[in-house]
Amino acid sequence: MFGKWHLGALPKYGPLKSGYDEFFGNTGGAVDYFTHKAGLGKDLPPDLFEGEVRVDKAGYYTDLIADHGQAFLRRQSADKPFLLSLHFTAPHWPWEAPGDEPLSRQLKSLNHSDGGSLKKYGEIVGALDAAIGRVLDTLQSQGLAQNTIVIFTSDNGGERFSNTWPFSGQKSELLEGGIRVSTLLRWPARVKGGQVSDQVVISMDWLPTLLAAAGGAPHVDYPSDGVNVLPQLLGQAASVPRQLFWRYKSNAQRALRDGDWKYLQINGNEFLFNLAQDQRERANLTEREPGRLDKLRADRAAWNAGMLPIPEKSRSYRISPKAQADRPGA
């Protein structure tokens, strides 16, 4: 695994403690693209690790992640399976493109709420596209592209400069703009290109799906939270309805998706949307559909009863109204 981890800090947590054989990357949520620090300050060490050893390397972080991905692929061959997790931070703040190393020395905060633009965002995404292209070229040159599954997706919706149309909301919100993300899959040997699937999937589905593609299955003692959608990807089965659940501490957000329907709660306010008819989540149908509201509310409560409580002291990312003018009530 190369890139962003953000699932618990060393020494208790880390990729090598969770099944990965190799790791290069940052353990927290964001780093400067040039200093690789998770904050500002001359004495702050880089949040950059090889294995579990902190390192200091020069280079634009997007390129460093791609470099490690390419080097790994050059060691692979078709007679042995492999898994490569490439977790780019781009296009996360701070808003630094490849030529902006002087800017990194002028930041007032890593959040960089006083910087960025659509042009700069485009440059950051352009660098990401080029880095992914280099990795895919290496996969091709190794003769591995035909029978390798490649998945491109994101951990959350966009923020600040992103265009999430036609959805409303953004990162840190359970509106569709905060949780519905692009997903591209390529497997030339088995999946015909140019298709669009309406199967609802969530990131946890990739574990059982990839295991199934490789001829395996989750351990019986550790069942996956996701489902195997390989039959849908291969065109062997029709799309199936799903119930998906979310909860987010900031603004007491709760959500449930059941087929085309979505139940949403924000600071105690309840909403019911038909996403097939109202992708922007503007027509609140709670009064028109009281029976459906009661059912979805009960389904979400039953699911939540089986979850651990949200710790009172846990941190929850939110968009500050001081930093973003269109979030005055956040």
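Residues numbered from 1 in each chain as written. Predicted model: local features only at pLDDT ≥ 70, side-chain atom pairs only at ≥ 80, totals over all residues. Heavy atoms only, no water.

Engineer: Mind laying out unusual backbone geometry, listing which residues take part and the relevant values?
Structural biologist: Backbone geometry follows two general trends: most residues other than glycine have a negative phi, and most peptide bonds adopt the trans configuration. Note the cis peptide between Leu10 and Pro11, where omega equals 10°. Of note, the amide linkage connecting Trp93 to Pro94 takes the cis form, showing an omega dihedral of 5°. Even without being a glycine, Glu281 presents a positive backbone phi close to 55°. Relative to the helices and strands, Glu281 is located in the loop between strand E11 (269-274) and helix H7 (290-305). The buried category is assigned to Glu281, whose relative accessible area is 4%. (Helix = DSSP H or I, 4+ residues; strand = E, 2+ residues; numbered from the N terminus. Buried < 20%, exposed > 50% of the residue type's maximum accessible area, 1.4 Å probe, protein only.)

Engineer: Any chance you could break down the environment of Leu84 for me, citing the residues and the numbers?
Structural biologist: Inspection of the secondary structure puts Leu84 in the loop between helix H1 (61-73) and strand E5 (86-87). For Leu84, a relative accessible area of 22% puts it in the partly exposed group. Between the C-alpha atom of Leu84 and that of Phe34, which follows or precedes it by 50 residues, the distance is 24 Å. With residues up to four places along the chain from it excluded, the contact list for Leu84 reads Phe2, Gly69, Phe72 and Leu73. (Contact = heavy atoms within 4.5 Å.)

Engineer: Give a detailed account of the packing of aromatic side chains, specifying residues and quantitative values.
Structural biologist: As enumerated under the stated definition, the model contains 10 aromatic pairs in all. With a centroid separation of 5.1 Å and 15° between ring planes, the pair formed by Tyr33 and Tyr60 is classed as stacked. Here Tyr60 lies in the loop between strand E4 (53-54) and H1 and Tyr33 lies in the loop between strand E2 (24-25) and strand E3 (49-50), a separation of 27 residues in the sequence. Side by side, Tyr33 and Tyr60 carry an identical accessibility label, which is buried. Among the aromatic residues, those joined into a cluster by ring pairs are Phe2, Phe72 and Phe82. The aromatic ring of Tyr317 is capped on one face by Lys171, whose charged end is 4.6 Å from the ring centroid. (Phe/Tyr/Trp six-rings, centres within 6.5 Å; stacked < 30°, edge-to-face > 60°. Lys NZ or Arg CZ within 6 Å of the ring centre and 35° of its normal.)

Engineer: Mind laying out the side chain of His92, listing which residues take part and the relevant values?
Structural biologist: Considering the arrangement of structural elements, one finds His92 in the loop between E5 and helix H2 (101-104). Leaving out residues up to four positions away in the same chain, His92 has contacts with Lys4, Gly29, Ala30, Tyr33 and Lys171.

Engineer: Go over helix H3 (residues 118-141), please, and point to the residues and values.
Structural biologist: Look at H3: 34 Å from first C-alpha to last across 24 residues, which is about the 34 Å you get at 1.5 Å a residue. Taken residue by residue, H3 has Lys120, Tyr121, Ile124, Ala127, Leu128, Ala131, Val135, Thr138 and Leu139 as its buried positions. On its buried face, H3 is in contact with H1, E5, strand E6 (150-152) and strand E7 (184-186). The positive-phi residue at the C-terminal boundary of H3 is Gly143, with phi of around 75°. (Expected span 1.5 Å × (residues − 1).)

Engineer: With reference to specific residues and values, describe the nonpolar core.
Structural biologist: Phe24, Tyr33, Tyr60, Tyr61, Phe88, Trp93 and Ile124 are the most contacted members of the largest nonpolar core, which totals 32 residues. For this core, the secondary-structure elements that each account for two or more residues are H1 and H3. Broken down by element, the residue count for this core peaks at 7 residues, all from H3. With residues up to four places along the chain from it excluded, the contact list for Trp93 reads Ala30, Leu110, Asn111, Glu159, Arg160, Lys171 and Tyr317. Listed in part, the 11 residues of the second largest apolar core include Leu174, Ile202, Trp246 and Phe273. (Core = buried A, V, L, I, M, F, W, Y, C linked by side-chain atoms within 4.5 Å.)

Engineer: Help me get a handle on the pattern of salt bridges, residues and values and all.
Structural biologist: For the structure on display, the rule yields 22 salt bridges. Between Glu173 and Arg327 there is a salt bridge, with the nearest N and O atoms lying 2.7 Å from each other. Residue Glu173 is located in the loop between E6 and helix H4 (176-179), and its partner Arg327 is located in the segment after H7; the two are separated by 154 residues in the primary sequence. Here Arg327 falls in the buried class, since its relative accessible area comes to 17%. Overlapping salt bridges bring together Asp100, Lys119, Lys120 and Glu123 as one network. (Salt bridge = Lys/Arg side-chain N within 4 Å of Asp/Glu carboxyl O.)

Engineer: Break down the sheet that holds strand E10 (residues 261-266) for me, with residues and values.
Structural biologist: Read across the open sheet, the 4 strands follow the order E8-E9-E10-E11; overall the sheet is antiparallel. The sheet terminates laterally at strand E8 (243-248) and E11, the two strands that pair on one side only. Put simply, the sheet's adjacent strands are angled 10° from each other on average, direction ignored. Judged from the 6 bridges that link them, E10 and E11 form a sheet pairing that is antiparallel. Looking at the pairing, Tyr263 lines up with Leu272 of E11. The strands touched by H7 within the sheet are E8, strand E9 (253-258), E10 and E11, with E8 carrying the most contacts at an inclination of about 70°. (Pairing = 2+ DSSP bridges. Axes fitted to C-alpha atoms, helices over the stretch in contact; angles between N-to-C directions.)

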